[in-house]
Amino acid sequence: MSNRRPGRAVVTGIGVIAPNGQRTDAYWKSVREGIGVLDLISREGCDHLPLRVAGEVRSFDPAALIEDRFLVQTDRFSHFAMAAAALALEDAGLGGDIAEPFSVGVVTAAGSGGGEFGQRELQKLWGKGSKFVGPYQSIAWFYAASTGQISIRGGLKGPCGVVASDEAGGLDSLAHASRAVRRGTDVMVVGAAEAPLAPYSMVCQLGYPELSTVDDPALAYRPFTEKACGFVPAEGGALLVVEDEERARTRGVPVRAVVAGHAATFTGASRWAESREGLARAISGALDEAGCAPEEIDVVFADAMGVPEADRAEALAIADALGAHGRRVPVTAPKTGIGRAYCAAPVLDTVAAVLAMEHGQVPPTPNVFDICHDLDLVMSHARPAELRTALVLSRGLMGSNAALVVRRGDDSAR
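Here the structure is a predicted model, which is why all the values come from computation and not from measurement.

Caption draft 1: Structural detail: the packing of aromatic side chains. As enumerated under the stated definition, the model contains three aromatic pairs in all. Measuring from centroid to centroid gives 4.9 Å for F60 and F80, while their planes differ by 55 degrees, and the two rings are tilted. Taken together, the residues F60 in the loop between β3 (53-54) and α2 (68-71) and F80 in helix α3 (residues 76-91) connect sequence positions 20 residues apart. Per residue, the accessibility class of F60 equals that of F80, and both read buried.

Okay, here's the thing in structure tokens:
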């Protein structure tokens, strides 16, 4: 930590490894154009399962991005996280050796951990015996593995942690990072990455009644419509560099966004009707922390569960918290084109919100054309707009709700 006077937390770096793009520019191009990449799952050992459609990160070669000594002890979800973290640090002008390693921390969120690694080692245990189980089985699957490996790989020795608070943990991790910055930490690497498409992980997910088992990629995930039938999962994620605003400006790097406000609530597993009040309270809390009036929100990135009761609750929560403005503000859900990457989903939405504000365009909601809720949902094509403040929403299957307010970078002096 430095002796500076703590200021506001701002985003200076973004790294993305997503089904629709493995760098930020590729991700934004796909999101802006409303390109859907949902497809039949191609992973080995999954073809007999009722879960048929997902968002896969294809043509991803971890060996080209991560050193062998890390690959051998990490799962696919950590490969995504380490690759995205390196991209974010590079984008923030912090690639290479960190001059003050104790001033840089890491916090990630995780929902499923390393299922692929765990399954492989357990199969060795059952099929060959304990002597054939690798020594990294005890750590590679663990929720905190990505935080630890990003820290070790980059020599980042500041405050580190992992958030395990359901899918909304992606937004909660950003809140933890921004508060660490306000307490005096110079830089935080923060975000989430998930890899839930190994057979073992998929079998675990089959217990979720909200999961879509439709086998047509164009119909499998259509929130806010009369034909909503659940969500489809996705892998990948995003990491951000969040740092003190004064430090960023001293370094001469662009301030891409301000992390302005956050709040979280809990309303219980699959209690979607009750999530209306919980999400509305989270929105109001985030607005209060940001010092933001409801009418200042220029775009909402929706949670978009794809379950009729949950969709209705979200639409009503937006109206409850934003008043009449909630029925006029543009709402979007780019994740319908790539799937819900659990904890990584709201982080990818936050990246999309930052890029939308930078480019003055609200991206569309792929595969959705006929909504049945009182929302101004952006569909088919991106909508040009002057965007200064965005609201990102997330709910988890176990009952967590979170809301995050981010402001455009060039408004950071407001």
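This is not the end of the story, as more comes after the structure.
Caption draft 2: Quick look at the environment of D61. Relative to the helices and strands, D61 is located in the loop between β3 and α2. Each C-alpha atom of the pair D61 and F369 lies 35 Å from the other, and the pair is 308 residues apart in sequence.

Caption draft 3: Local environment of the side chain of D303. Here D303 lies in the loop between β9 (299-301) and α11 (308-322). A relative accessible area of 1% means that D303 is categorised as buried. Leave out the neighbours within four places in its chain, and D303 touches Y221, E314, K335, R340, L393, S394 and R395.

Caption draft 4: Main features of the sheet that holds strand β12 (residues 376-377). Here 11 strands make up an open sheet; going across it, the order is β5-β4-β6-β7-β1-β8-β15-β14-β9-β10-β12 and the pairing mixed. Two strands bound the open sheet, and with one partner strand each, they are β5 (160-163) and β12. Pairing geometry for strand β14 (residues 389-395) and strand β15 (residues 400-408), over seven bridges, is antiparallel. Following the sheet pairing, A390 is matched in β15 by V406. This element, helix α6 (residues 145-154), spans β4 (104-109), β5, β6 (187-194) and β7 (236-244) of the sheet and lies at about 155 degrees to β4.

Caption draft 5: Structural detail: the packing of helix α7 (residues 169-182) against helix α12 (residues 344-359). Where α7 contacts α12, the two axes come as close as 6 Å, and the packing angle between them is 65 degrees. Between α7, through G170, L171 and L174, and α12, the contact on the second element is made entirely by P346, V347 and T350. Its residues assigned to classes, the contact of α7 with α12 shows four nonpolar, two polar and no charged.

Caption draft 6: Quick look at α6. Those residues of α6 lying buried are A145, S146, T147, Q149, I150 and S151. Note on α6: the residue one or two positions beyond its end, G155, has a positive phi of about 65 degrees.

Caption draft 7: How the structure looks around the nonpolar core. Within the largest apolar cluster, 50 residues are counted, with the highest numbers of intra-cluster contacts made by I283, I297, V300, L322, L391 and L393. L393 has contacts with L171, L279, I283, V300, F301, A302, D303, E314, I318, A402 and A403, leaving out every residue within four places of it along the chain. In this structure, A341, C343, A344 and V362 belong to the second largest nonpolar core, which totals 49 residues.

Caption draft 8: Broad picture of the packing of helix α1 (residues 24-32) against α12. Two numbers describe how α1 lies on α12: the axes approach to 10 Å, and their chain directions differ by 80 degrees. By the criterion of interaxial angle, the relationship of α1 to α12 is roughly perpendicular. Contact residues: α1 offers T24, Y27, W28 and V31, while α12 offers L348, D349, V351, A352, L355, A356 and H359. Tallied by class, residues from the contact of α1 with α12 come to eight nonpolar, two polar and one charged.

Caption draft 9: Representation of unusual backbone geometry in the model. Positive phi is not limited to glycine here, since S270 has a value of about 60 degrees. Within the secondary structure, S270 sits in the loop between β8 (257-266) and α10 (275-290). For S270, a relative accessible area of 32% puts it in the partly exposed group. Non-glycine residue Y342 carries a positive phi angle of around 50 degrees. On the secondary structure map, Y342 appears in the loop between β10 (330-332) and α12.

Rules and cut-offs
Residues numbered from 1 in each chain as written. Predicted model: local features only at pLDDT ≥ 70, side-chain atom pairs only at ≥ 80, totals over all residues. Heavy atoms only, no water. Phe/Tyr/Trp six-rings, centres within 6.5 Å; stacked < 30°, edge-to-face > 60°. Helix = DSSP H or I, 4+ residues; strand = E, 2+ residues; numbered from the N terminus. Buried < 20%, exposed > 50% of the residue type's maximum accessible area, 1.4 Å probe, protein only. Contact = heavy atoms within 4.5 Å. Pairing = 2+ DSSP bridges. Axes fitted to C-alpha atoms, helices over the stretch in contact; angles between N-to-C directions. Nonpolar A, V, L, I, M, F, W, Y, C, P; charged D, E, K, R; others polar. Core = buried A, V, L, I, M, F, W, Y, C linked by side-chain atoms within 4.5 Å. Parallel < 35°, antiparallel > 145°, perpendicular 65-115°, else oblique.

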